[in-house]
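Overview (structure and organization)
What follows is each chain in one-letter form.
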Amino acid sequence: MLVSEKIRIDKWLWQARFFKTRRLSAKMVSGGHLRLNGNKVAKPAQNVSSGDVLTFPQGRIIRTVRIEALGTRRGPAPEAQALYFDLTEKQDPVPRNPRYEGKGRPDKKERRALDLSRRDGAF
């Protein structure tokens, strides 16, 4: 009988440096924001092994990664990047909010100039 190695999903996410603390990774998993091979996972104690595909939000993008190896420690970034293969599609960066040109909100300096111009015309 073959015994495949397994590790808790929250621990693997922490070792692969997707989250700063293990508690944050557990919170994201228990919040129902992670999919393991297309199925929602609700428990941080769910075991994963190499070959599994994880989908989860990270910042403003949705990450999709395939587990290549199980770590033994939370090492440096190159060691952590060897634990997975990134399947995330390249996404266009989200444009920043437009500056005040009739669109968006003015910054503090522009707002003061607008206030001064309104006061001059009112009196």
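Above this text you will find the structure in question.
Only a predicted model underlies this, so the values are computations on that prediction, with no experimental measurement involved. (Residues numbered from 1 in each chain as written. Predicted model: local features only at pLDDT ≥ 70, side-chain atom pairs only at ≥ 80, totals over all residues. Heavy atoms only, no water.)

1. As for the nonpolar core
Counting 19 residues, the largest nonpolar core has Trp12, Leu13, Phe18, Leu34, Val48, Leu54 and Phe56 as the members making the most contacts within it. Where this core is concerned, the elements lending two or more residues are α1 (9-15), α2 (22-30), β2 (34-36), β5 (53-58) and β6 (61-67). Among the elements that take part in this core, α1 stands out by supplying three residues, more than any other. In contact with leucine 34, not counting residues within four places along its chain, are Ile9, Leu13, Met28, Val29, Asn39, Lys40, Val41, Leu54, Thr55 and Phe56. (Core = buried A, V, L, I, M, F, W, Y, C linked by side-chain atoms within 4.5 Å. Buried < 20%, exposed > 50% of the residue type's maximum accessible area, 1.4 Å probe, protein only. Helix = DSSP H or I, 4+ residues; strand = E, 2+ residues; numbered from the N terminus. Contact = heavy atoms within 4.5 Å.)

2. Remarks on the sheet that holds strand β3 (residues 39-41)
The pairing of strands in a sheet comes from backbone hydrogen bonds and takes either a parallel or an antiparallel form. The strand order β3-β2-β5-β6-β7 describes an open sheet built from five strands, whose pairing is antiparallel. Strands with a single pairing partner mark the edges of an open sheet, and in this sheet they are β3 and β7 (84-86). In this sheet, neighbouring strand axes are inclined to one another by 35 degrees on average, regardless of whether the strands run parallel or antiparallel. In the sheet, β2 pairs with β5 via two bridges, with the strands oriented antiparallel. Its bridge partner lying in β5, leucine 36 is registered against leucine 54. (Pairing = 2+ DSSP bridges. Axes fitted to C-alpha atoms, helices over the stretch in contact; angles between N-to-C directions.)

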